[in-house]
Amino acid sequence: MRSRNPVFSRRGFSRDNGYAGFNAAPQAGGPAVGTQANPYAQGNPYAQPSGNPYAQNPYAQQDLQQGAPPQAPATTGRMTMDDVVLRTASTLGTLVVTAALAWALLPVDSANISRSYGIGVGAMVIGMILALVQSFKRKASPALILTYAAVEGVFLGVVSNIVDTHVASGAAMQAVIGTMAVFVGVLLAYKAGWIRVTRRFYGFVMAAALGFVLLMAVNMLFAVFGGGDGLGFRSGPLGILFGVIGIILGACFLALDFKQVEDGIAYGAPREEAWLAAFGLTLTLVWIYMEFLRLIAILNQSD
């Protein structure tokens, strides 16, 4: 049973038909993503006998209901790359705006840092709850996704300001540049075919991510109850190592996100599913940004 955690849940766009790209054949007349181009479609334990994961979409059944021979699916009402780009830009734009406002309006000087940090942590908790709610919903909720982006932006703005002011000047900009570099690099590698998302790749990434998060959770518990930096996974040489591992995992998440988008478009996903793509990409980019910010802070503390 696969996780519905928003970090681990790299589902395909069909929640009831397994991970995108590993299902049965796509729509009649559509590209043979599942059965011909993808060698992992056969024998997939997640695949359903219904075939096309979007068979319940009224657009997918239009030709059959009219008694006509199968035709290439109409593009009306279906997700396109433009839809994904637009919704991702809206989500990230909301996050950036609220992060900038938090940076400007929540000072982190010695007199106000405790209050601002408390607001940031509260925003992080709210964002986590909203992300979990969206993860468990069967359909994308644009209002919920944009609200998540807004409160997550507040958290990122406060934390980035604290690190930039008290730990490493310019750390926030360096983390942004690093995140953009990883995004562009993974996108180019994916389009060039250097990264292939298979069932084995998916399973490896999920197992590695689960182990990574569990280690970080144990480290946090030791830090809370034992004081200091817990087991030392977020400081010194170990902190640098785990920071690099976190960034690599984020890059792997990006590859899974790109595969979801590619297969969602090929299978004729409904247009509203583009919000799920935007949600997944935003989660991944936030992950990568935070890992870069931590790594930069550790490197500067080591100087």
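Quick caveat, the model's predicted, so the values are computed rather than measured.

A. Quick look at the overall build of the protein chain. Across its full length, the protein chain holds 9 helices and 0 strands. Secondary structure elements in the protein chain, listed N-terminal to C-terminal, are α-α-α-α-α-α-α-α-α. Sequence-distant contacts in the protein chain: of pairs separated by 6 or more residues, those separated by 24 or more amount to 77%. Split by element, the accessible area of the protein chain, about 14800 Å² in all, is 67% carbon and sulfur.

B. Looking closely at helix α3 (residues 81-105). A rise of 1.5 Å per residue sets the reference length of α3, with its 25 residues, at 36 Å; its end C-alpha atoms lie 36 Å apart and thus fit the reference within 8%. Here the buried face of α3 lies against α5 (142-166), α8 (236-266) and α9 (274-301).

C. Representation of the packing of α3 against α9 in the model. At a minimum axis separation of 8 Å, α3 and α9 run at an interaxial angle of 45 degrees. Between α3 and α9, the angle is such that the two are oblique. At the point where α3 passes α9, the crossing takes the right-handed sense. Along its contact with α3, which presents D83, V84, R87, T88, S90, T91, L92 and L95, the element α9 presents A274, W275, A277, A278, L281, T282, L285 and V286.

D. Layout of the environment of K191. Relative to the elements of secondary structure, K191 occurs in helix α6 (residues 171-191). Under the relative-accessibility criterion, K191 is labelled exposed at 64%. For K191 and A255, which are 64 residues apart along the polypeptide, the C-alpha to C-alpha distance reads 10.0 Å.

E. Layout of the nonpolar core. Core analysis: the largest hydrophobic core is formed by 62 residues, its most contacted members being V182, L254 and L256. Listed by contribution, the elements that provide at least two residues to this core are α3, α4 (113-136), α5, α6, α7 (199-226), α8 and α9. Per element, the largest residue contribution to this core is 18 residues, and it comes from α9. Counting residues in hydrophobic clusters, the runner-up holds 5 residues, among them A102, L106, V158 and I162.

F. Main features of the packing of α6 against α8. One way to put it is that α6 packs onto α8 with a least axis distance of 10 Å and a crossing angle of 50 degrees. One finds that α6 runs oblique with respect to α8. For the element pair α6 and α8, the recorded crossing hand is right-handed. Residue-level contacts link V182, F183, V186, L187 and Y190 of α6 to I247, A251, L254, A255, F258, K259 and E262 of α8. Taken together, the residues that form the contact of α6 with α8 break down as 10 nonpolar, no polar and 2 charged.

G. Spatial organisation of the packing of aromatic side chains. As enumerated under the stated definition, the model contains 6 aromatic pairs in all. For the pair F212 and F242, a centre-to-centre distance of 6.3 Å together with 45 degrees between the ring planes defines the contact as tilted. Separated by 30 residues along the polypeptide, F212 in helix α7 and F242 in helix α8 bring together distant segments of the chain. Taking the relative accessible area as the measure of exposure, F242 reaches 10% and is therefore buried. Between F212 and W287, the aromatic rings sit 5.9 Å apart at their centres with planes inclined by 40 degrees, giving tilted as the arrangement. Placement of the pair is F212 in helix α7 and W287 in helix α9, with a sequence separation of 75 residues.

H. Up close: the pattern of salt bridges. Under the criterion given, the structure shown has 4 salt bridges. Here R87 ties to D83 by a salt bridge, and the two come within 3.7 Å at their closest N and O atoms. Residue R87 and its partner D83 are located together in helix α3, separated by 4 residues, close to a single helical turn. A single burial state applies to R87 and to D83, both of which are buried. Among the salt bridges present, the one from R294 reaches E291, with a minimum N-O distance of 3.0 Å.

I. Structural view of a nonpolar patch on the surface. Side chains of M173, V176, I177 and M180 sit close together on the surface and give an oily, nonpolar patch of about 390 Å² of accessible area. You can see I177 is positioned in helix α6. Of the residues examined, I177 reaches a relative accessible area of 51% and is grouped as exposed.

Conventions we followed
- Residues numbered from 1 in each chain as written.
- Predicted model: local features only at pLDDT ≥ 70, side-chain atom pairs only at ≥ 80, totals over all residues.
- Heavy atoms only, no water.
- Helix = DSSP H or I, 4+ residues; strand = E, 2+ residues; numbered from the N terminus.
- Contact = heavy atoms within 4.5 Å.
- Areas by Shrake-Rupley, 256 points an atom, 1.4 Å probe, with all protein chains shown as cover.
- Expected span 1.5 Å × (residues − 1).
- Axes fitted to C-alpha atoms, helices over the stretch in contact; angles between N-to-C directions.
- Parallel < 35°, antiparallel > 145°, perpendicular 65-115°, else oblique.
- Left-handed = near helix turned anticlockwise from the far one by under 90°.
- Buried < 20%, exposed > 50% of the residue type's maximum accessible area, 1.4 Å probe, protein only.
- Core = buried A, V, L, I, M, F, W, Y, C linked by side-chain atoms within 4.5 Å.
- Nonpolar A, V, L, I, M, F, W, Y, C, P; charged D, E, K, R; others polar.
- Phe/Tyr/Trp six-rings, centres within 6.5 Å; stacked < 30°, edge-to-face > 60°.
- Salt bridge = Lys/Arg side-chain N within 4 Å of Asp/Glu carboxyl O.
- Patch = residues over 30% accessible without salt bridge, like charges linked within 9 Å, V, L, I, M, F, W, Y side chains within 5 Å.

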